[in-house]
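The residues making up each chain are set out below.
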Amino acid sequence: MNPRRVWAICRKEFLHVIRDPRSLGMAIAIPMLLLLLFGYALSMDVDRVPLVVWDQSDSPESRELVSRFAGSRYFLFIGPVRNDAELDRAVDTGRALVALAIPPDFARRVATGQDAPVQFIADGSDANTASMAIGYARAAALAYSQSVILEQVRRAGGRAPAAPLDVRPRVWFNEDMESRNYIVPGLIAVIMMVIAGLLTSLTVAREWERGTMEQLIATPVKGPELILGKLLPYFAIGMTDVLIAVAMGQFLFHVPLRGSVALVFAMSAVFLSTALSLGMMISIVTKNQLVANQLAIIATFLPAFLLSGFIYPISNMPAVLQGLTHLIPARYFVAMLKGIYLKGIGLEVLGLEAALLAFLGVIVVFRGNRKFKKKIA
């Protein structure tokens, strides 16, 4: 490995990036744009669910029940409806995702201590929102039922019974339960995987299409020197993107970074090396920029987004897919970023993920070198 030849290839590739505003824009602007877009648009929080109410009782008791829903931050009271047809139309058109129907004899049943059934309707076309809204509705109904029972006991002159179980929940690591706090670290991994793969997927293929590969083959530059020289400029750009993403997460999205900043950049360097080498291997195999670009998107974005645990828990996937996720570098990087950002843990806990990520990187680099042949045919 000759450092002078590596530096010559590195300087050539860096000048090519600087002189090509499209490549430079893709390398710097697109990660920022994707982080802004996904950071603000992608949210797993379910609150302010649109609610309509059909209150046929129109009594103080029914209004008290409605206030339990309307006063909660989990529901957004759109307004009342006057009949069954209006309720159906509100849900069918999407103006409301849930509806509460209170029967005419609700107040009488509550006053006499009878069961007072009410109907809660949820739009199941959005299964996640519907299931969580049903849970919120059950909590609101339970709180109302407990208040009614306590009031009846007081009126009877009895002593209100003490609750047999005192549950005091405590949330660790993400106290505010903000989905943004664990989405943004995962986004950094997904975006870096995509950008790194796309940047290097065109390097060798571009040389073949423009006919300059023959000139490189005629030089004393060896295969590993050529690959390393082409990777170094994009590695520097990738680390700049990591710096921008970490700064945006800290100052724009206010995501807490409880762990070591140095560890974030160290693991980012290992991850970027793997992702860049994967893109380089795609470029070496395809020798065509269009095919390399399309294959890079398939090999980076889809696995990183779907199989890394970024959005969908790996434990909920079929056994075959769970095994496949061990081949996805983003799986280990997402786990490390979430651990460093939210839990403040280090290599004493994340050592296995770091070792597996480094092992995958070595395999990808080795395969890329094996695939590259310094010859025309």
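A short tour of the structure in this document, coming up. Only a predicted model underlies this, so the values are computations on that prediction, with no experimental measurement involved. (Residues numbered from 1 in each chain as written. Predicted model: local features only at pLDDT ≥ 70, side-chain atom pairs only at ≥ 80, totals over all residues. Heavy atoms only, no water.)

**Quick word on the packing of helix H7 (residues 180-200) against helix H10 (residues 223-251)**
Two measures define how a pair of helices packs: the angle their axes make with one another and the distance between the axes. It is at 10 Å that the axes of H7 and H10 come closest, and there the two elements cross at 160°. Taken together, the axes of H7 and H10 lie roughly antiparallel to each other. Two packed elements cross with a definite hand, and for H7 against H10 that hand is right-handed. Packed against H7, whose contacting residues are Val184, Ile188, Met192, Ile195, Leu199 and Thr200, the element H10 presents Leu231, Tyr234, Ile237, Gly238, Asp241, Val242, Ala245, Val246 and Gly249 at the interface. Here the residues of the contact of H7 with H10 sort into 11 nonpolar, three polar and one charged. (Axes fitted to C-alpha atoms, helices over the stretch in contact; angles between N-to-C directions. Helix = DSSP H or I, 4+ residues; strand = E, 2+ residues; numbered from the N terminus. Parallel < 35°, antiparallel > 145°, perpendicular 65-115°, else oblique. Left-handed = near helix turned anticlockwise from the far one by under 90°. Contact = heavy atoms within 4.5 Å. Nonpolar A, V, L, I, M, F, W, Y, C, P; charged D, E, K, R; others polar.)

**Notes on unusual backbone geometry**
One non-glycine residue with positive phi stands out, namely arginine 48, at about 55°. With respect to the helices and strands, arginine 48 occurs in the loop between helix H2 (21-41) and strand E1 (49-55). Here arginine 48 falls in the exposed class, since its relative accessible area comes to 51%. Positive phi, close to 55°, is recorded for histidine 254, a residue that is not glycine. (Buried < 20%, exposed > 50% of the residue type's maximum accessible area, 1.4 Å probe, protein only.)

**Things to note about the pattern of salt bridges**
Two side chains with opposite charge may pair up if their charged atoms get near one another. Summed over the entire model, instances satisfying the criterion amount to eight salt bridges. We note a salt bridge from arginine 5 to glutamate 225, for which the minimum N-O separation is 2.8 Å. Taken together, the positions of arginine 5 in helix H1 (residues 3-19) and glutamate 225 in helix H10 put the pair 220 residues apart, joining distant regions of the chain. Classification of arginine 5 by relative accessible area gives partly exposed; the value is 23%. Put simply, arginine 258 and glutamate 175 hold a salt bridge, and the shortest N to O gap is 3.1 Å. Residue arginine 258 is located in the loop between H10 and helix H11 (261-286), and its partner glutamate 175 is located in the loop between helix H6 (127-155) and H7; the two are separated by 83 residues in the primary sequence. Overall, the relative accessible area of 37% leaves arginine 258 in the partly exposed class. On the basis of relative accessible area, glutamate 175 is assigned to the partly exposed category, the value being 46%. Each of the salt bridges in this network shares a partner with another, and the network as a whole consists of Asp105, Arg108 and Arg109. (Salt bridge = Lys/Arg side-chain N within 4 Å of Asp/Glu carboxyl O.)

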